[in-house]
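Fold and contact review
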Amino acid sequence: MISRLTVLVVIGLLALRAAQADPVTHTSLDNGLEVVVIEDRRAPVVVHMVWYRVGAADEPPRQSGIAHFLEHLMFKGTESMDPGEFSRVVEANGGRDNAFTSWDYTGYFQRVASDRLDLMMQMEADRMANLSFTEDDWRPERAVILEERGQVLESRVGGQFNESMMAALYKSHPYGIPIIGWRHEMETLTGQNAMDFYAQHYGPNNAILVIAGDVDTAQALEMAQQIYGPVPPNPAIAPVSRVMEPPHLAERRLVFEDARVGTPYVNRMYLAPVRRAGDQAQAAALQMLAALLGGSSTTSVLERRLNFEQGIALSAWAGYNGMSRDYGTFTLGIAPVDGVSLEDAEAALDAVVAEFLENGVDQAQFDRVRRQIRASEIYALDDVQGRARQYGVGLSIGLGVDDIDGWVDALDAVTPDDVIAAGQFLLDRRNSVTGYLTQPTTPSASEGAQ
Amino acid sequence: MTRFLALAVGVFITLAAPLRAEVAITPVTSESGLQAWLVEERSIPIVALDLIFAGGANLDSDATAGATSLMTALLSEGAGDMDAQAFAARTEELAARISFDAGRDTVSVSLRFLTEDADEVIDHVRAALTDPRFDDDAIARVRGQMLSKLRRDALDPNTLASRAFAQAAYGDHPYGRVSDGSVETVAALDRAALLAAHERAIARDRVFIGAAGDIDAPELARLIDRLFDGIPQEGAPIPDRAAFAAAPGVDVIPFDGPQSVIAFGHDGIARDDPDFLTAFVVNEVFGGGRFGTRLMESLRVQRGLTYGVGSFLASGLLGESYQGRMSTDNANAAAAIDLLREEWARIAQDGISEDDLSRIQTYLTGAYPLRFDGNGAIASSMASMQYQGFDIDYVNIRNDLIDALTLDQVNAMAARLFDVDALYFVVVGKPEGLE
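1. Focus on the domain arrangement of chain B
All names here are of chain B.
- Entries for chain B in the domain assignment read domain 1 (26-228) and domain 2 (249-381 + 389-429).
- When each unit is reduced to the centre of its C-alpha atoms, the spacing between domain 1 and domain 2 is 29 Å.
- Domain 1 puts 30 residues into the contact, and the matching count from domain 2 is 23 residues.
- Listing elements by their share of the side of domain 1 that touches domain 2, those giving two or more residues are strand 2 (35-40), strand 3 (46-54), strand 7 (106-114), helix 6 (157-170) and strand 8 (207-213).
- At 10 residues, the largest contribution of residues to the side of domain 1 that touches domain 2 is made by helix 6.
- Across the side of domain 1 that touches domain 2, the residue classes tally to 19 nonpolar, 6 polar and 5 charged.

2. Overview of the packing of helix 4 (residues 118-130) of chain B against helix 9 (residues 217-228) of chain B
Residues and elements named next belong to chain B.
- The contact between helix 4 and helix 9 brings their axes to 8 Å, and the two run at 30°. It follows that helix 4 is roughly parallel to helix 9 by the angle criterion. Crossing hand, helix 4 versus helix 9: right-handed. Across from Ala 118, Ile 122, Val 125 and Arg 126 in helix 4, the residues of helix 9 making contact are Leu 223, Arg 226 and Leu 227.
- In terms of residue class, the contact of helix 4 with helix 9 is built from 5 nonpolar, no polar and 2 charged.

3. Here's the deal with the packing of helix 10 (residues 276-286) of chain B against helix 16 (residues 407-417) of chain B
Residues and elements named next belong to chain B.
- Put simply, helix 10 and helix 16 touch, their axes get as near as 9 Å, and they point 80° apart. Classed by the angle they form, the pair helix 10 and helix 16 counts as roughly perpendicular. Contacts between helix 10 and helix 16 involve Thr 278, Ala 279, Val 281 and Val 282 on the former and, on the latter, Gln 409, Val 410, Met 413, Ala 414 and Leu 417.
- Residue composition of the contact of helix 10 with helix 16, by class: 7 nonpolar, 2 polar and no charged.

4. Here's the deal with the domain arrangement of chain A
Residue and element names in this part refer to chain A.
- Annotation of chain A at the domain level lists domain 1 (20-228) and domain 2 (252-449).
- Summarising the inter-unit geometry, the C-alpha centres of domain 1 and domain 2 are found 28 Å apart.
- Listed as interface residues are 28 residues of domain 1 and, on the opposing side, 28 residues of domain 2.
- Of all the elements in the fold, those that place two or more residues in the side of domain 1 that touches domain 2 are strand 1 (24-28), strand 2 (34-39), strand 3 (45-52), strand 5 (106-113), helix 6 (157-169) and strand 6 (207-213).

5. So, the interface of chain A and chain B
- Contacts between the two partners involve 63 residues from chain A, matched on the other side by 64 residues from chain B.
- Listed by contribution, the elements that provide at least two residues to the side of chain A that touches chain B are helix 1 (2-21), helix 3 (85-92), strand 5, helix 4 (117-129), helix 5 (135-154), helix 11 (301-309), strand 9 (313-321) and helix 13 (363-380) of chain A.
- For the side of chain A that touches chain B, the element with the highest residue contribution is helix 5 of chain A, accounting for 9 residues.
- Of the residues assigned to the side of chain A that touches chain B, the class counts are 25 nonpolar, 19 polar and 19 charged.

So, how was this worked out
Residues numbered from 1 in each chain as written. Chains lettered and ligands numbered in written order. Predicted model: local features only at pLDDT ≥ 70, side-chain atom pairs only at ≥ 80, totals over all residues. Domains from an automatic or database assignment. Contact = placed C-beta atoms within 7 Å. Helix = DSSP H or I, 4+ residues; strand = E, 2+ residues; numbered from the N terminus. Nonpolar A, V, L, I, M, F, W, Y, C, P; charged D, E, K, R; others polar. Axes fitted to C-alpha atoms, helices over the stretch in contact; angles between N-to-C directions. Parallel < 35°, antiparallel > 145°, perpendicular 65-115°, else oblique. Left-handed = near helix turned anticlockwise from the far one by under 90°.

In C-alpha cells:
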C-alpha cells in the first residue's frame with residue numbers, strides 16, 4: 001500500500017517536470033485567428049496545422065459530403081497557385097502534408113523542417129481566403145471522393161455497418177449522416193457548392209492555427225502575425241447552429257447481413273455527454289468507465305468475464321468518445337466464439353455490465369488505470385504531432401486550453417462512486433442502438449448480396 | 001498572382017540546401033557481447049527500446065505455418081509464475097508499453113517505459129522472452145482469435161489479393177504463404193509446436209537492438225545484458241532465398257463487392273544491391289505513396305479512377321519483388337490496368353527528367369529528418385537500420401548519397417527495374433472487361 005502511494009507521487013512529479021519543459025502558448029490575432037504554439041526543440045521539425053471550426057455536421061440539406069469535397073478541392077489552387085502546387089511546394093521542401101474532415105472540424109497540416117515554417121504559413125494563409133479552381137479540377141476530384149467512398153466504406157462491411165448504426169442512433173442531428181456523404185448526394189455535388197460552403201465558413205475568425213515543434217514561441221507568434229494577420233475576417237461566419245436531437249423514447253435495433261462478414265458481432269452505441277468547457281467531470285467519469293470496462297484486452301471487466309472466465313467471447317469492448325461538439329457516444333460490444341449466438345452474447349454482455357454497476361469497482365484495477373493515465377501524460381510528450389492534434393480538436397469543438405491541459409487532472413479526480421454513477425445511463429437502452437453484424441440468414445438478404 | 005509565386009520560388013531556392021539529420025548515434029557493446037545503437041535524449045523521463053529478431057514466420061515448416069505468429073502473440077499471455085491476467089496486471093502497474101509482433105521476416109519487441117521503472121520492466125519482459133508459459137487455456141483462447149482473423153481475411157479483398165500475389169510469386173517457398181498460416185495448420189498447433197517455434201526464433205545470434213531516450217550507454221549495456229540473461233545463443237537456420245516466379249498476365253479472383261482490388265508487380269531489387277538506393281529514388285518518383293507521384297497524377301488527379309495508387313520495393317530478407325496496389329470501381333478495372341502498363345512502359349523507355357530528379361532529391365533529403373522526431377521513432381529506426389545492414393554513419397551520409405545520384409544512373413535503374421512484359425496482375429472483384 002505504501003509503496004504504491006510512493007510510486008504515484010513520483011509519477012506526479014515526473015509529469016510536472018516534463019510539462020514545465022514544454023510551454024504551450026495560446027493567443028488570438030486581431031482578425032480572430034486563434035494561435036497555439038507548442039515548443040518542442042528536440043528535433044529540427046515543425047508541425048503546422050490550420051483547423052476550421054466547420055465540418056460535415058454543418059452541411060446544407062442534400063449536400064452531404066460537401067465539407068470533405070471542399071477539403072480535397074483546397075489543394076486545387078488559389079488565385080496565385082496552380083492546382084496541385086500546394087503539395088508540390090511542400091514536397092519540394094521535404095515536407096509531408098495532408099488534411100482531414102470530421103463532423104465538427106476540417107484540418108490541414110504539414111510536417112516540415114522548422115526553417116520552412118514561413119513558407120507553409122504563406123501558402124496556408126493564401127488558401128484561407130483566395131481559393132480558386134475550375135470545372136476541369138473539380139470533376140475528376142468528385143470521381144475521386146466516390147472512389148474513396150467505395151474503397152474505405154463500401155468495400156468494408158464493418159464501415160457500412162457503422163454507418164448504419166450512426167444513422168439509427170441520431171434521429172435528427174447531422175452526426176447521423178456519414179462524413180464522406182451519401183453516394184446519391186455526392187454524385188450531385190458541384191464546385192459551386194464547395195465554393196459556397198467555403199465562402200460561408202472559411203476565414204481567420206473561424207480557424208485555429210497550431211504550431212508545434214522546433215520553434216521559438218515569440219518568433220512563431222511574430223511570424224503568424226505578419227503572415228496571417230493581413231487575412232481579413234469573413235463577415236459571413238455565424239455561430240454554429242445545428243438541428244438537435246429530440247428526446248429518445250425507444251431503443252433502436254438493427255441487423256446488418258452481408259456475405260462478407262467473417263466474424264459476426266454485436267455492437268451497441270449510446271448517446272452520451274461530451275467534454276464541456278469548464279465542466280469535464282462527467283466526461284472524465286465516462287472515460288474511466290470505458291477504461292475499466294474495456295481498456296485492456298486482458299484485464300478489463302468485459303474481457304476478463306466474457307473472454308477469460310466464461311469463454312464465450314473472442315473479444316469484448318467498451319469505448320467512450322466525448323471529443324465532439326454536441327453529442328458523445330459510449331460503445332459496448334462483443335464478438336462471440338463459434339457456436340454462441342449473437343442473442344446469447346448480447347445477454348451475457350448486458351449481464352456483466354449490470355453486475356459491474358451493482359458490485360462496484362475493483363480498487364486494484366482502478367489504481368492500475370490511474371497509474372497508466374498519469375504515465376500517458378509523459379508518453380504523450382514524445383509525440384509532438386499528437387499533442388498538436390489534441391489542442392486542435394479541443395479548441396475546434398469549443399474547449400479551452402485549460403480544459404485540454406486539465407484533462408488528466410479531471411481523470412485523476414474521478415472516484416469509483418463517480419464511475420458507477422456515470423454508468424447508470426447504460427441501463428437505459430432508450431438512448432441506444434444495438435446492431436448485429438452477421439452472415440445472411442434470410443433468402444432475400446442472400447440475393448441482395450449477390 | 002505572380003507576387004506570391006515569385007516569393008514561393010525565392011524561398012524555395014534559398015532553403016533548398018538539405019537539412020542534416022543530426023542524429024548522434026552511440027554504438028554500445030555490452031559485457032556479454034550484445035551490440036546496440038543508442039540515441040541519448042534526456043528531456044523526457046522515458047526510454048524506448050526496440051529488438052528485432054531476424055527469421056520470423058519464415059522459420060515455420062509448411063505443416064506448422066502460423067506457429068511463430070501464435071507463439072509471439074502468446075508471449076504476453078503468461079510467463080514464470082504469472083498467468084495471462086497477472087502478466088497484464090503487472091504490465092499495467094509498471095505503466096509500460098510492451099508489444100510483441102511477428103512478421104514474415106522478423107519477430108520484434110517494442111518497449112516504452114518510464115526511466116524510474118527500468119529494472120522492473122526489463123525483468124518482466126525477460127520473463128516473457130525466456131520463460132513463457134503457453135498455458136493450455138491461453139493457447140485455446142488466442143488460437144481461437146487467430147482462426148477468427150483468418151476467416152475474416154478470407155473474405156477481405158485486399159488480403160485475398162496479397163495472398164494470391166505471394167502464392168503466384170513464390171509458390172512453395174515460405175514467402176508464398178501467409179505468415180499467420182491457414183485455418184488447418186493453426187487449428188493443429190499445440191504447446192509442443194509453440195515451444196519449438198520459440199526455440200527457433202528467440203536467440204542472441206539474430207537480434208538487432210535500438211534504444212533512445214533517457215538512458216546512457218553504460219546503463220543500456222547493463223539493461224540489455226539483464227534482458228538477455230537466459231536467452232540462448234543460437235536459433236534455427238534461416239531458410240534459403242526465394243526466386244520471383246509469377247508468369248506475366250492477369251488473374252481474376254471473383255469477389256462480390258463494389259470495387260476491384262488490383263495487386264501488380266514483378267521481380268525487384270535486392271536490398272543489398274549496390275544500386276538499391278537508386279531504385280528507391282526511382283520508385284519515389286513513380287509511385288512512392290505520396291500525392292505527387294506519376295501513378296497518382298495519371299490515375300487519380302487526371303482521371304479520378306482511384307482514391308489511391310502506390311508502388312513499393314518489397315525487398316525482404318530472402319527475396320525481392322516490385323509491387324503496387326490500387327482499388328477502383330469494377331467498371332474501371334480494365335482501363336486502370338491499361339494505364340498502369342502505359343506508365344510502366346513509359347518510365348522504362350524515357351526515364352525521368354532532370355527536373356523530376358532534382359525535385360525528388362530535395363524532397364527526400366528534406367524529409368529524412370522527419371523520421372527522427374521522437375524517442376519511439378528513433379529507437380525503432382536504430383533497430384531497423386542494423387537489421388537492414390546499414391553502417392552506423394549511414395544516417396549522416398544518406399542525404400549526400402541521394403544528392404550524388406546522376407540522371408544517367410537513375411534512368412539506367414528505371415530501364416533495369418521496370419519491365420512491362422513481366423507485369424503480373426491479380427484482380428479481386430467483379431472487374432468488367434477482364435477474365
